[in-house]
Amino acid sequence: MIDLHSHILPGVDDGPATIEESLEIARRAAAEGVRVIAATPHVRDDYPTEAGTMERLVAELRAALQLEQIPVEVRPGGEIAIDWLERLSADDLSRFGLGGSPRHVLLEFPYAGWPLSLHEWVFQLVTREITPVIAHPERNAEVQRNPEELRPLVDAGALVQITAASLDGRIGRSSQSAAFELIGNGLAHLLASDAHTPDVREAGLLGAVEAVADPVLARWLTLEVPMAIITDAPIPRRPETRKRRRLRR
Ligand SMILES: [Fe+2]
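First, a word on scope: everything that follows refers to the structure included in this document. (Residues numbered from 1 in each chain as written. Predicted model: local features only at pLDDT ≥ 70, side-chain atom pairs only at ≥ 80, totals over all residues. Heavy atoms only, no water.)

Most of strand S9 (residues 159-163) is tucked away: 5 of the 5 residues are buried. Of the two faces of S9, both are covered, the one formed by Leu-159, Gln-161 and Thr-163 as well as the one formed by Val-160 and Ile-162. Of the pairings in the sheet, the one linking S9 to strand S10 (residues 190-192) comprises 3 bridges and is parallel in character. Paired with Gln-161 across the bridge in S10 is Leu-190. (Buried < 20%, exposed > 50% of the residue type's maximum accessible area, 1.4 Å probe, protein only. Helix = DSSP H or I, 4+ residues; strand = E, 2+ residues; numbered from the N terminus. Pairing = 2+ DSSP bridges.)

Let us look at the coordination of the iron ion. At the metal site, the iron ion is ligated by His-5 (NE2), His-7 (NE2), Glu-79 (OE) and Asp-194 (OD), and these contacts range over 2.1 to 2.3 Å. Angles of 82 to 168° at the metal separate the 4 donor atoms of the iron ion, which places the site in the irregular class. On the primary sequence, the residues serving as donors to the iron ion are separated as H-x1-H-x71-E-x114-D. Of this pair, Glu-79 sits in strand S6 (residues 79-81) while Asp-194 sits in the loop between S10 and helix H9 (200-203), and the two are 115 residues apart along the sequence. As far as burial versus exposure is concerned, Glu-79 and Asp-194 are alike and both buried. (Donors = N, O, S within 2.8 Å, 3.2 Å for Na, K, Ca; no water. Tetrahedral: all angles 85-135°; square planar, octahedral: opposite > 155°, others 65-115°.)

Right, let's talk about the packing of helix H1 (residues 19-31) against helix H2 (residues 51-68) for a bit. Their axes nearest at 10 Å, the elements H1 and H2 cross at an angle of 65°. For the pair H1 and H2, the crossing hand works out as right-handed. Contacts from Ile-19, Ser-22, Leu-23, Ala-26 and Arg-27 of H1 reach H2 at Glu-60, Leu-61, Ala-64, Leu-65 and Glu-68. Looking at the contact of H1 with H2 residue by residue, the classes come out as 6 nonpolar, 1 polar and 3 charged. (Axes fitted to C-alpha atoms, helices over the stretch in contact; angles between N-to-C directions. Left-handed = near helix turned anticlockwise from the far one by under 90°. Contact = heavy atoms within 4.5 Å. Nonpolar A, V, L, I, M, F, W, Y, C, P; charged D, E, K, R; others polar.)

This brings us to the sheet that holds strand S7 (residues 104-108). Strand order in the open sheet formed by 7 strands is S4-S3-S6-S7-S8-S9-S10, with mixed pairing between adjacent strands. Looking at the sheet topology across the chains shown, the edges are occupied by strand S4 (47-48) and S10. Relative to strand S8 (residues 131-135), S7 runs parallel, the two sharing 5 bridges. Paired with Leu-106 across the strands is Val-133, a residue of S8. Against the sheet, helix H4 (residues 118-127) makes contact with S7 and S8, and its axis sits at roughly 145° relative to S8, the strand it touches most.

To continue, consider the packing of aromatic side chains. A full pass over the atoms with the stated rule returns 1 aromatic pair. Summarising the aromatic geometry, the rings of Phe-109 and Trp-114 are spaced 5.4 Å apart at their centres and angled 75° between planes, so their arrangement reads as edge-to-face. Under the relative-accessibility criterion, Phe-109 is labelled buried at 1%. (Phe/Tyr/Trp six-rings, centres within 6.5 Å; stacked < 30°, edge-to-face > 60°.)

To continue, consider the sheet that holds strand S1 (residues 2-6). The 3 strands are arranged S1-S2-S5 in an open sheet whose pairing can be described as parallel. Because the sheet does not close on itself, it has two edges, and the strands there are S1 and strand S5 (73-75). When the angles between neighbouring strand axes are averaged without regard to direction, this sheet yields 25°. When strand S2 (residues 36-39) meets S5, the two strands line up parallel, connected through 3 bridges. Residue pairing across strands places Ile-37 opposite Val-74, the latter belonging to S5.

To continue, consider the pattern of salt bridges. Scanning the model with the defined rule gives 18 salt bridges in all. The residue Glu-24 makes a salt bridge to Arg-28 at a minimum N-O spacing of 3.3 Å. In this pair, Glu-24 and Arg-28 both sit in helix H1, 4 residues apart, roughly one turn of the helix. Close ionic contact of Asp-46 with Arg-44 constitutes a salt bridge, the shortest N to O distance being 2.6 Å. Relative accessible area serves as the criterion here: at 46%, Asp-46 is assigned to the partly exposed category. (Salt bridge = Lys/Arg side-chain N within 4 Å of Asp/Glu carboxyl O.)

Take H1 next. An ideal rise of 1.5 Å per residue puts 18 Å on 13 residues; H1 measures up with 18 Å between its terminal C-alpha atoms. Along H1, the residues classified as buried are Ser-22, Leu-23, Ile-25, Ala-26, Ala-29 and Ala-30. End-on view of H1: buried residues confined to an arc of 155°, all on one side of the axis. The exposed residues of H1 that point more than 90 degrees off its buried face are Glu-20 and Ala-31. Positive backbone phi, approximately 100°, marks Gly-33, located one or two places after H1. (Expected span 1.5 Å × (residues − 1). Arc of directions from axis to C-beta.)

This is the structure in structure tokens:
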């Protein structure tokens, strides 16, 4: 599996404080079958991570992983707050490109309220041939009330990332049902951990894969789509879900 949202870098945001904890996140993820992790530190007012800092920490963590023989590849990235998009240069934005792809950027979706400028930003980024990946909208109360509000953004070219802990119910029922609704309605494209600590409940994706209860769809969400993102390839077609197949009969 490929995990494209993780605060695995040490000492830069609200993720792990030390590189030992970063290694532990990687160890737990590896044990669940995760082979690639995008390091996506916050880029926002309270954690104004610079691209150079992220790159240095990715290099340090890669070296440590190799030394410890942990079979996980860490790649660059960032979780960009929407109000930071206008502050970042084109060069910065491509350095924060998700999983090392300069044509994809992970956008932080707020937990409350609807970000008014998001529509305009999705349009602007798509026009610049950058695909916005919207992080965990299922945790937002407005999306929980009406998941269809995301459809215009998806139609405009955005991809949607669901957090694993939402799907398996750890974050609560509202996030869980929104996550299922988004996946069921074709409004979600990838699963990621959004891990901040080595806690076993945070580091992996397996609980969410089990919750999806459809191995073909789970593979698309955890491997095929993230692989297409990091290799800048077209997003593969979403497999038919069991629900749809059942509906058709
Ligand atoms: Fe995050």
